[in-house]
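In case you want the letters, here they are:
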Amino acid sequence: MNSKTVYIHTLGCQMNVYDSDRICIRLLGMGYDRVSSAEAADLVIINTCAIRAKAEQKLYSLVGRLADLKKKKPALRIGIGGCVAQQEGEKLLNRAPCIDFVFGTHAIGRLNDLITQVERSGRRTVDVKLADCPDDDFSYAMNPSISRQISRFVTIMTGCDNYCTYCVVPYVRGAEVSRPPEHILDEIHMLADSGVREITLLGQNVNSYGQKEGWCNFPELLKQISGIENISRIRFTTSHPKDLSEELIQAFSTLKKVGHHIHLPVQSGSDRILKRMNRRYTHSDYLAKIDRLREICPDMAVTTDFIVGFPGEDEADFQDTLNLIQAVQFDSVFAFKYSDRPSAPASRFSNKVDEDVKSDRLGRLLELQKKCTLRRHQSLIGTRQVILVEGRSPRAAESNQAIVQWTGRTSGNHIVHFSLHNRNGSPEPDLTGQMLSVQISRSFPHSLWGDVIADETDKVYFSSKQS
Ligand code: SAH
Ligand code: SF4
Ligand code: F3S
């Protein structure tokens with residue numbers, strides 16, 4: 001047991017989850033133990049998100065609570081990292097006297113020095129320098145103290161050069177930079193050796209991986225990762241529709257480990273709004289890409305993101321969005337009310353949409369999508385799917401049910417629950433990490449139920465039917 005403890009609270013996207021692991025490993029190296037509450041910690045780090053006003057607000061309410069805690073425990077140190085830290089820098093220190101240090105999205109490699117300095121001098125410090133090339137340290141993958149999971153994120157590129165007019169990412173993550181392929185492959189080899197079976201590659205626009213640097217392109221990177229033994233499944237997010245190439249579409253069918261799921265954020269179905277968003281594709285370009293994806297892979301699951309109430313969006317524009325949902329029949333969607341981001345140009349656009357109109361549109365969009373998701377789930381009943389087992393279902397584990405319920409995901413990323421029976425009193429095997437064939441027998445709004453047909457070694461199990 002070390003004498004110092006750290007609590008890390010992560011807000012925001014998968015890239016922040018990945019970064020928090022890298023932050024954690026640095027702190028373990030400095031003699032900290034990780035704890036699961038701020039109350040038990042000597043140091044609290046919040047890894048923040050600036051994508052919408054609400055995300056930023058979460059930080060301020062957490063800081064309010066930490067300020068109270070610090071009154072009772074004056075030695076507590078508080079550090080703020082991530083996208084709000086990058087955006088606000090010094091201003092955070094002025095706003096909240098309880099904060100000891102602020103570090104931006106490119107400062108993780110310099111964190112040890114920063115914290116040592118704060119520990120020694122007690123001086124409040126800010127490091128929000130954006131480097132040309134953020135540090136590329138993946139030694140976390142070798143550290144056994146990072147809790148091992150079946151599925152892990154691996155960032156393959158940082159930043160973004162697309163400048164969609166609503167988006168803060170290019171300002172808080174810097175210019176697009178791709179990591180060298182050999183670093184990515186080494187990292188995934190290490191993860192595979194430690195038991196990871198599924199990798200989700202992260203980038204704001206993975207389709208443009210390696211283009212600026214002249215590394216291999218994204219489909220070639222996928223091919224090389226596919227060659228890594230013990231990695232059973234590869235996923236990636238996010239793809240930008242304008243850069244979705246024919247070669248990548250083909251990779252879904254030629255590379256057997258690549259999951260048949262694409263997250264392809266469309267944002268709006270209106271050409272006028274897409275133009276104002278600077279997305280650089282049209283409604284019909286998008287539909288053409290979906291047609292091609294389904295031509296190559298008929299079972300392709302498609303998910304997307306929408307922003308409703310972008311400045312200038314009228315009812316006719318919104319109808320174009322609803323029409324696009326009807327045409328595509330997404331498996332699921334994330335939808336957000338447009339939120340002004342001060343550094344992004346759309347915050348200065350005219351014709352802002354009222355909050356109640358945004359709420360109304362969001363409600364109508366989600367209502368329509370609910371029906372599409374149900375239909376998509378129902379259409380899977382009777383199909384045979386190969387699932388990667390992630391572990392016991394958390395709810396079933398909590399309720400201590402006699403029959404163990406397991407959870408896995410299909411190639412299309414649908415959640416499937418199942419259980420085994422007829423085990424004649426023999427102990428339940430640990431199925432975590434196995435690839436199992438299941439036949440889908442029931443569908444629910446957020447998941448499916450499957451009957452196991454065979455495991456990866458073709459040993460047949462009989463699963464219990466849900467009553
Ligand atoms: N790189 C990804 C998006 C990353 S941000 C892409 O190009 O699609 C994740 C999602 O947040 C976006 O797809 C968008 O739907 C939403 N988002 C981004 N900025 C927003 C804003 N200002 N208001 C509301 N939603 C926003
Ligand atoms: Fe933001 Fe657009 Fe870049 Fe996505 S592609 S991160 S939405 S600027
Ligand atoms: Fe949020 Fe930064 Fe991710 S703004 S969505 S944490 S890149």
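Residues numbered from 1 in each chain as written. Chains lettered and ligands numbered in written order. Predicted model: local features only at pLDDT ≥ 70, side-chain atom pairs only at ≥ 80, totals over all residues. Heavy atoms only, no water.

**Student:** An account of unusual backbone geometry is requested, with residue identities and associated values reported.
**Tutor:** Each neighbour pair has its own omega, and for T237 with T238 the value is 10 degrees, a cis peptide bond. Even without being a glycine, N230 presents a positive backbone phi close to 80 degrees. As for its placement among the helices and strands, N230 is situated in the loop between α8 (218-226) and β11 (233-237). Not every positive phi belongs to a glycine, and Q329 is a case in point at roughly 60 degrees. Looking at the secondary structure, you find Q329 in the loop between α12 (315-328) and β14 (332-337). Accessibility expressed as a relative area gives 18% for Q329, which makes it buried. (Helix = DSSP H or I, 4+ residues; strand = E, 2+ residues; numbered from the N terminus. Buried < 20%, exposed > 50% of the residue type's maximum accessible area, 1.4 Å probe, protein only.)

**Student:** Kindly report on the side chain of S447, identifying the contributing residues and their values.
**Tutor:** Mapping S447 onto the fold places it in the loop between β18 (435-443) and β19 (448-454). The residues touching S447, leaving out its near neighbours within four places in the chain, are H377, I415 and H417. (Contact = heavy atoms within 4.5 Å.)

**Student:** Hey, could you go over the environment of Q87 for me, with residue numbers and the actual values?
**Tutor:** Mapped onto the fold, Q87 is located in helix α3 (residues 82-88). Non-local contacts of Q87, meaning those with residues more than four positions away in its chain, are made with A50, E56, V168, V172 and R341. There is a polar contact of 3.2 Å between the side chain of Q87 and the side chain of E56. (Polar contact = N/O pair within 3.5 Å; in protein donor to acceptor, adjacent residues only side chain to side chain.)

**Student:** Quick one: what's the story with α12, residue by residue and with numbers?
**Tutor:** Taking 1.5 Å per residue, 14 residues should reach 20 Å; α12 reaches 20 Å between its end C-alpha atoms and fits that length. For α12, the set of buried residues is D317, F318, T321, L322, L324, I325 and V328. Take α12 and look down its axis: the buried residues cluster within an arc of 155 degrees, on one side only. Among the structural elements, α10 (271-276), α11 (283-296), β13 (301-308) and α13 (355-379) are those in contact with the buried residues of α12. Structurally, the start of α12 carries an N-cap: the backbone nitrogen of A316 is 3.1 Å from a side-chain oxygen of D314. Two residues or fewer after α12 comes Q329, characterised by a positive phi angle close to 60 degrees. (Expected span 1.5 Å × (residues − 1). Arc of directions from axis to C-beta.)

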